[in-house]
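The chain contents come next:
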Amino acid sequence: MPATPSGPATTGPVDPRPEPPPPPTGTGYRAVFSTPEFRSVFAAHLLSSLGVVLCEIALSVLVYQLTGSPLLSALTFALGLLPYVIGGTLLSAVADRHPARRVLVVCDLLCAGCAAVMLVPGTPVAVLLALRCATAAIAPVFAGTRAGTLGDVLGEGDLFVLGRSLIRIVNQGAQLVGFAAGGLLLTAVTPGAVLAITTGTFLGSALLLRLGTHARPARCTSPGALLGASLAGTRQLLSDRRIRALLLLTWLPPAFVVIPEALLIPYADSLGAGPAAAGLLMCAMPIGAITAETLAGTFLGPRARTRLTFPLGICCVLPSLGFAARPSLGWAVTLLALTGTGIAYNFGVDRWFAAAVPDALLGQAMTVMQAGRMTIMGLSLIHIRDVYKRQGWWCSRCDGRSPSRRVTSLANC
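Since this is a predicted model, take the numbers as computed values, not measurements. (Residues numbered from 1 in each chain as written. Predicted model: local features only at pLDDT ≥ 70, side-chain atom pairs only at ≥ 80, totals over all residues. Heavy atoms only, no water.)

Visitor: What should I look at first to understand unusual backbone geometry in this one?
Guide: Most of the time, phi is negative for any residue but glycine, and the peptide bond is trans. With a phi angle near 50 degrees, R326 is a residue other than glycine that sits in the positive phi range. With respect to the helices and strands, the residue R326 is situated in the loop between α15 (309-315) and α16 (329-341). (Helix = DSSP H or I, 4+ residues; strand = E, 2+ residues; numbered from the N terminus.)

The following block contains the structure:
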């Protein structure tokens, strides 16, 4: 029996979980928030999500100030997606082979350390991008471990599903609040100051998780190297037909959703709209997602949410087809909001997934799920760039897009 975070290993049988918390009071989201341990997880996720968004903005601006290259500046965002496949496959076993609280705290401390190194004056751009890759590789391990922790804190029934919903609401809200707050901060302070705030958010998240969650031993104590265990666990998950189908169900709709999202700025330009209209387009999808998640979690029961899984999944894809008719700004906002509502299909998928995955692999399964989703979204963004290049709408010098006219020369950029 491995050591727990609070002391050395003991002999004899040990209960792998602490005493269950008292039954939650209320229903829906109120029942989830009545669990003190979840409140700590939720607050920590809120801090770390804002930290990630602020880091992306500040690092992008810092790289642009150092190099004057929009391409390298934009690359900092791409590096936030593609390294997920590394952490999600090669490190996924960490989520189950080590105590969850220890993994979560260490992940936050590593991210805080990366942000702190970015603060050092004179740090080369290559090092800054490498640190961005490191935080992106850590992210799926953190997300998978946290999802497994929700299973311990809330059980694997409807409270787990609602807890996952609240995590998604935080993710969408962090995009809205984080980008707005980051933009305002950068008008008043330097990118280094914003990175210092980012470091503080990760440290705050680590403190909340350390003090607000129980120490639980690892789910799985199988011997062997981490890399081998990660690959073996991933193969085991993908060899199960039901789990494989559920993973595809979580990966494919977001891949279609990110395509219209990547085209919003050039589409606003093609309409002759200004920056305010472009911002409205960018906000429409997260607002639709937050609204749908909140309403479904508050007013619908488990069976009703499950029955809506496939209709809402289709809703992630179909509204985007309306852009073929080149809608006006108002209709474009409506289509994007409808696309965002489709995120509520995850209510049913989370329930099915938690029931299908062995408990010993729950953290690793959630890590693979998150890594696959973000990787496919990153590949979709790369495909969009290739399409623009083939159409002659991409300038290699400024890495900019202009759908209203072809870029025939650098002078025309």
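Further notes follow.
Visitor: How should the packing of helix α13 (residues 275-299) against α16 be read in this particular structure?
Guide: Between two packed helices, both the angle of their axes relative to each other and the distance between the axes serve to describe the pair. Where α13 contacts α16, the axes come no closer than 6 Å and their chain directions differ by 30 degrees. One finds that α13 runs roughly parallel with respect to α16. At the point where α13 passes α16, the crossing takes the right-handed sense. Across the interface between the two elements, A277, L280, L281, A284, M285, G288, A289 and A292 from α13 touch L329, A332, V333, L336, A337, T339, G340 and T341 from α16. For the contact of α13 with α16, a count of residues per class yields twelve nonpolar, four polar and no charged. (Axes fitted to C-alpha atoms, helices over the stretch in contact; angles between N-to-C directions. Parallel < 35°, antiparallel > 145°, perpendicular 65-115°, else oblique. Left-handed = near helix turned anticlockwise from the far one by under 90°. Contact = heavy atoms within 4.5 Å. Nonpolar A, V, L, I, M, F, W, Y, C, P; charged D, E, K, R; others polar.)

Visitor: When you look at the nonpolar core in this model, what are you seeing that I'm missing?
Guide: As a rule of thumb, soluble globular proteins bury nonpolar side chains together. With 68 residues, the main nonpolar core has F38 and F353 as its most contacted residues. For this core, the leading source of residues is helix α8 (residues 158-188), giving eight residues. In this structure F38 touches V32, F33, L150, V153, L154, G163 and L166, once residues within four positions along its chain are discounted. With 14 residues, the next largest nonpolar core counts L62, V63, C114 and V194 among its residues. (Core = buried A, V, L, I, M, F, W, Y, C linked by side-chain atoms within 4.5 Å. Buried < 20%, exposed > 50% of the residue type's maximum accessible area, 1.4 Å probe, protein only.)

Visitor: Hey, could you run me through the pattern of salt bridges in this one?
Guide: Opposite charge on two side chains makes pairing possible when the charged atoms of those side chains draw close. Using the criterion set out here, one finds ten salt bridges in the structure. Between E37 and R216 there is a salt bridge; the shortest N-O distance is 2.7 Å. Taken together, the residues E37 in helix α2 (residues 36-67) and R216 in the loop between α9 (191-212) and α10 (226-239) connect sequence positions 179 residues apart. Each member of the pair, E37 as well as R216, is classed as buried. Residues E293 and R168 are paired through a salt bridge, measuring 2.6 Å at the closest nitrogen-oxygen approach. Residue E293 is located in helix α13, and its partner R168 is located in helix α8; the two are separated by 125 residues in the primary sequence. We note that E293, like R168, is buried. If you follow the salt bridges from partner to partner, you end up with D96, D152, R219 and D359 in one network. (Salt bridge = Lys/Arg side-chain N within 4 Å of Asp/Glu carboxyl O.)

So yeah, pure geometry; function would need other evidence.
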